[in-house]
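Letter by letter, the chains look like this.
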Amino acid sequence: MPASAIVGPFRRAVVDTLIRTLVPAAAPGVATAVHQFVDEQLGRAPRHVRLGVGIIEALLAGVLHRGFIAHGPDERAAVVERWNASRLPPVRVYLKLMRSLVLLCGYELQPTGGRSA
């Protein structure tokens, strides 16, 4: 099985989990835009950043793929939260990057309730 077949669904599950926990009142359609934004931003990142993200995703996906995706949303949120305390700095950095991208796009796309900026 190619790595992209595992990493793609794994990244999608991570982003879904972060949207659910960080942007719980997301408007309809925001999740799709956030996924697209995350993929675009990671695609635009310098090669060394893409390489690092790819390695971490491949390692996490390889270790956690089946169990992570099979878990319900609450269990996935608990796993992602545990990454904050990981003894492996690249795992914490990966989570920080993904959280930042999800927060940036998720709240940027929220309706303003009629207020002008």
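What you are looking at is a predicted structure, and each value in this text was computed from that prediction instead of being measured.

J.: For the packing of helix α2 (residues 30–44) against helix α5 (residues 89–108), give the residues involved together with the corresponding values.
T.: Running from N to C, α2 and α5 cross one another at 130°; their axes reach a closest spacing of 9 Å. The angle between α2 and α5 falls in the class oblique. Classified by chirality, the crossing of α5 by α2 is right-handed. Of α5, the residues touching α2 (which contributes V30, A33, V34, F37, V38, Q41 and L42) are L97, M98, L101, V102, L104, C105 and G106. Counted by class, the contact of α2 with α5 contains 12 nonpolar, 2 polar and no charged residues.

J.: Any chance you could break down the pattern of salt bridges for me, citing the residues and the numbers?
T.: Applying the stated criterion across every chain, the model contains 4 salt bridges. Here R11 makes a salt bridge to D39, at a shortest N to O gap of 3.0 Å. One end of the pair, R11, is in helix α1 (residues 3–22); the other, D39, is in helix α2, with 28 residues separating them in the sequence. Taken together, the shared-partner salt bridges connect R11, D39 and E57 into one network.

J.: Please give an account of the nonpolar core that cites residues and values.
T.: Of all hydrophobic cores here, the largest spans 27 residues; its most connected members are F10, V34, V38, F68, W83, Y94 and V102. Looking at this core element by element, the count peaks at 7 residues for α5. Beyond its immediate chain neighbours, meaning those up to four positions away, W83 contacts F10, V14, L60, L64, F68, V91, R92, Y94 and L95.

J.: Run through the environment of F68, naming residues and quoting values.
T.: Here F68 shows up in helix α3 (residues 47–70). Looking at F68, the relative accessible area reads 2%, which means it is buried. C-alpha of F68 to C-alpha of V14: the two residues are 54 residues apart in sequence and 8.9 Å apart in space.

J.: Can you lay out the packing of aromatic side chains for me, pointing to particular residues and giving the numbers?
T.: In total, this model carries 4 aromatic pairs according to the counting rule given. Clustering of aromatic rings is evident, with ring pairs tying together F10, F68, W83 and Y94.

Here is what the cut-offs are and how they apply
By convention here, each chain's residues receive numbers from 1 onward along its written sequence. Residue-level local features of this predicted model are given only where pLDDT is at least 70; pairs of side-chain atoms are given and counted only at 80 or more, and the full residue set underlies all totals for whole chains, interfaces and linings. Processing note: side-chain calculations cover all non-hydrogen atoms of the structure and skip hydrogens and water entirely. With axes taken as lines fitted to C-alpha atoms, and helix axes fitted only over the stretch in contact, angles between N-to-C directions fall between 0 and 180 degrees. A run of H or I in DSSP counts as a helix once it spans at least four residues, and a run of E counts as a strand once it spans at least two, with each numbered from the N terminus. By definition in this entry, angles of less than 35 degrees are roughly parallel, angles greater than 145 are roughly antiparallel, angles of 65 to 115 are roughly perpendicular, and the rest are oblique. What makes a crossing left-handed is the near helix being turned counterclockwise from the far one by less than a right angle; a clockwise turn instead makes it right-handed. Residues count as neighbours in contact if any of their non-hydrogen atoms are within 4.5 Å of one another. Following the grouping adopted for this structure description, the nonpolar residues are Ala, Val, Leu, Ile, Met, Phe, Trp, Tyr, Cys and Pro, the charged ones are Asp, Glu, Lys and Arg, and the polar ones are all others, Gly among them. Only one rule defines a salt bridge in this text: a Lys or Arg side-chain nitrogen within 4 Å of an Asp or Glu carboxyl oxygen. Put simply, a nonpolar core is a bunch of buried Ala, Val, Leu, Ile, Met, Phe, Trp, Tyr and Cys residues held in one set by side-chain atoms that sit within 4.5 Å of each other. When a residue's accessible area, from a 1.4 Å probe over protein chains only, is under 20% of the maximum for its type it is buried; when over 50% it is exposed; and in between it is partly exposed. Aromatic pairs are defined between Phe, Tyr and Trp rings, using the six-membered ring for Trp, whenever the two ring centres lie within 6.5 Å; interplanar angles under 30 degrees are classed as stacked, those over 60 as edge-to-face, and all others as tilted.

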